[in-house]
Amino acid sequence: MSVQHSEESEVPVRRTRTEDLRLQLADDIVRGVFAPGDPLDEIGLATRYGVSRTPVREALRQLAASGLVEIRPHRGAIVTRPSEKRLFEMFLVMAELEGLCAGLAAEAMSILERRELAKLHASLGDLVETGDPARYALANEGFHGAIYAGSHNEYLGEMTQATRARLAPFRRAQFRQSGRLAESFHEHDRIVQAILAGDRDRATREMRDHIGTVKEAFDRYIGGR
């Protein structure tokens, strides 16, 4: 298992080889390195990314859940893509789940958890200055994860994390837009302030708005390529 971390945030991010491959392959599909309809040969992918076929097979299975890969029995996998309607529905559910997490976190977070959230938020501000979308995306996962945990509702956290995993390729892509890191940080700031103030309704609303903006930013990124 690999360990990656941001020096500024000092928050480690542990990922398996399969997860590393899934993220890289997903990014390449979203960026157009692989086009819809392209075959995804396990041996070729293993050679390209320097891994064995086992993590390739598992990564393809996981990407099928995001709608980026279609696995055809006895014919192999090909690149595909969720319809605009499907993506809209996924982001809509994501906004509701994360909004609920933020609202509950505003009421349930302990003092220590609120301090840690503020610290994670500050570390994202440092990463905005470096302008590194990949490192920001990693730290961003930790920020949102802290809010899921802060809801103190394990089942909700599991559902939210699972939905986030499906949308991860599309959420990461929007960070490549010029100025998007700073925008994201300011949206986070409004969420953090609402949570720290214990304002459930405002925290819910700010998080919903944030996820809606993420979808709009992704649409702009894809439309501008």
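## What about the overall build of the protein chain?
Consideration 1: Scanning the protein chain from N- to C-terminus turns up nine helices and five strands.
Consideration 2: Each helix and strand of the protein chain, ordered N terminal to C terminal, gives the series β-β-α-β-α-α-β-β-α-α-α-α-α-α.
Consideration 3: Relative to its length of 225 residues, the protein chain is compact, with a C-alpha radius of gyration of 18 Å against a globular reference of 17 Å.
Consideration 4: The dimensions of the protein chain, computed from C-alpha atoms along their principal axes, are 55 × 35 × 35 Å.
Consideration 5: With 225 residues in all, the protein chain has 48% of them scored as buried.
Consideration 6: In the protein chain, 69% of the contacts between residues at least 6 apart in sequence involve partners at least 24 apart.
Consideration 7: In the structure as shown, the protein chain presents an accessible area of about 11,200 Å², 52% of it carried by carbon and sulfur atoms.
Consideration 8: Of the side-chain charges in the protein chain, 32 are positive and 34 negative, and the distance between the mean point of each set is 5 Å.

## A look at the nonpolar core
Consideration 1: Grouped together as the largest cluster of nonpolar side chains are 61 residues, with contacts concentrated most on Ile147 and Ile195.
Consideration 2: With eleven residues, the top contributor of residues to this core is helix 4 (residues 84-108).
Consideration 3: When sequence neighbours within four positions are dropped, the list of residues in contact with isoleucine 195 reads Ala102, Ala105, Ala106, Met109, Arg114, Leu117, Ile147 and Ala203.

## Focus: the packing of aromatic side chains
In this description, a pair of aromatic rings is defined by centroid distance and the angle of the planes.
Consideration 1: Under the counting rule described, the total for this entry stands at two aromatic pairs.
Consideration 2: Centroid distance tyrosine 136 to phenylalanine 175: 5.0 Å. Interplanar angle 70 degrees. Geometry classified as edge-to-face. You can see tyrosine 136 sitting in helix 6 (residues 133-150) and its partner phenylalanine 175 sitting in the loop between helix 7 (154-173) and helix 8 (180-196), a full 39 residues away along the chain. No difference in accessibility class separates tyrosine 136 from phenylalanine 175, as the two residues are buried.
Consideration 3: When the centroid spacing of 5.3 Å and the interplanar angle of 80 degrees are considered together, the rings of phenylalanine 170 and phenylalanine 218 count as edge-to-face. In this pair, phenylalanine 170 sits in helix 7 while phenylalanine 218 sits in helix 9 (residues 200-223), placing the two residues 48 residues apart along the sequence.
Consideration 4: The exposure class assigned to phenylalanine 170 is buried, which follows from its relative accessible area of 1%.

## Here we look at the sheet that holds strand 3 (residues 39-40)
Consideration 1: Read across the open sheet, the three strands follow the order 3-5-4; overall the sheet is antiparallel. The open sheet has two edge strands, strand 3 and strand 4 (69-72), and neither has a second partner.
Consideration 2: Alignment of strand 4 against strand 5 (residues 76-79), held across four bridges, turns out to be antiparallel. Residue pairing in the sheet places valine 69 in a bridge with valine 79 of strand 5.

## A look at helix 6
Consideration 1: Here helix 6 contains 18 residues, and its C-alpha end-to-end distance of 25 Å stays within 8% of the 26 Å for a straight helix at 1.5 Å per residue.
Consideration 2: Turning to helix 6, its buried residues are Tyr136, Ala137, Leu138, Ala139, Asn140, Phe143, His144, Ala146, Ile147, Tyr148 and Gly150.
Consideration 3: At the N-terminal boundary of helix 6, the capping side chain belongs to aspartate 132, with an oxygen 3.1 Å from the backbone nitrogen of alanine 134.

## A closer look at unusual backbone geometry
Consideration 1: The phi torsion at histidine 74 lies on the positive side, around 65 degrees, for a residue other than glycine.
Consideration 2: Take histidine 74: it is sitting in the loop between strand 4 and strand 5.
Consideration 3: Looking at histidine 74, the relative accessible area reads 87%, which means it is exposed.
Consideration 4: With a phi angle near 55 degrees, histidine 152 is a residue other than glycine that sits in the positive phi range.

## Focus on the packing of helix 5 (residues 111-130) against helix 6
Consideration 1: As a packed pair, helix 5 and helix 6 sit with axes 10 Å apart at the nearest point and diverge in direction by 165 degrees. The orientation of helix 5 with respect to helix 6, classified from their angle, is roughly antiparallel. As helix 5 runs across helix 6, the sense of the crossing is left-handed. For the pair helix 5 and helix 6, contact is made by Glu113, Leu117, Leu120, His121, Leu124, Leu127 and Val128 and by Arg135, Tyr136, Ala139, Asn140, Gly142, Phe143, Ala146, Ile147, Ala149 and Gly150, respectively.
Consideration 2: Classifying every residue of the contact of helix 5 with helix 6 by side-chain character gives eleven nonpolar, four polar and two charged.

About the thresholds
- Residues numbered from 1 in each chain as written.
- Predicted model: local features only at pLDDT ≥ 70, side-chain atom pairs only at ≥ 80, totals over all residues.
- Heavy atoms only, no water.
- Helix = DSSP H or I, 4+ residues; strand = E, 2+ residues; numbered from the N terminus.
- Rg over C-alpha atoms; globule rule 2.2 N^0.38 Å.
- Buried < 20%, exposed > 50% of the residue type's maximum accessible area, 1.4 Å probe, protein only.
- Contact = heavy atoms within 4.5 Å.
- Areas by Shrake-Rupley, 256 points an atom, 1.4 Å probe, with all protein chains shown as cover.
- Lys, Arg positive; Asp, Glu negative; His and termini not counted.
- Charge placed at Lys NZ, Arg CZ, Asp CG, Glu CD.
- Core = buried A, V, L, I, M, F, W, Y, C linked by side-chain atoms within 4.5 Å.
- Phe/Tyr/Trp six-rings, centres within 6.5 Å; stacked < 30°, edge-to-face > 60°.
- Pairing = 2+ DSSP bridges.
- Expected span 1.5 Å × (residues − 1).
- Polar contact = N/O pair within 3.5 Å; in protein donor to acceptor, adjacent residues only side chain to side chain.
- Axes fitted to C-alpha atoms, helices over the stretch in contact; angles between N-to-C directions.
- Parallel < 35°, antiparallel > 145°, perpendicular 65-115°, else oblique.
- Left-handed = near helix turned anticlockwise from the far one by under 90°.
- Nonpolar A, V, L, I, M, F, W, Y, C, P; charged D, E, K, R; others polar.

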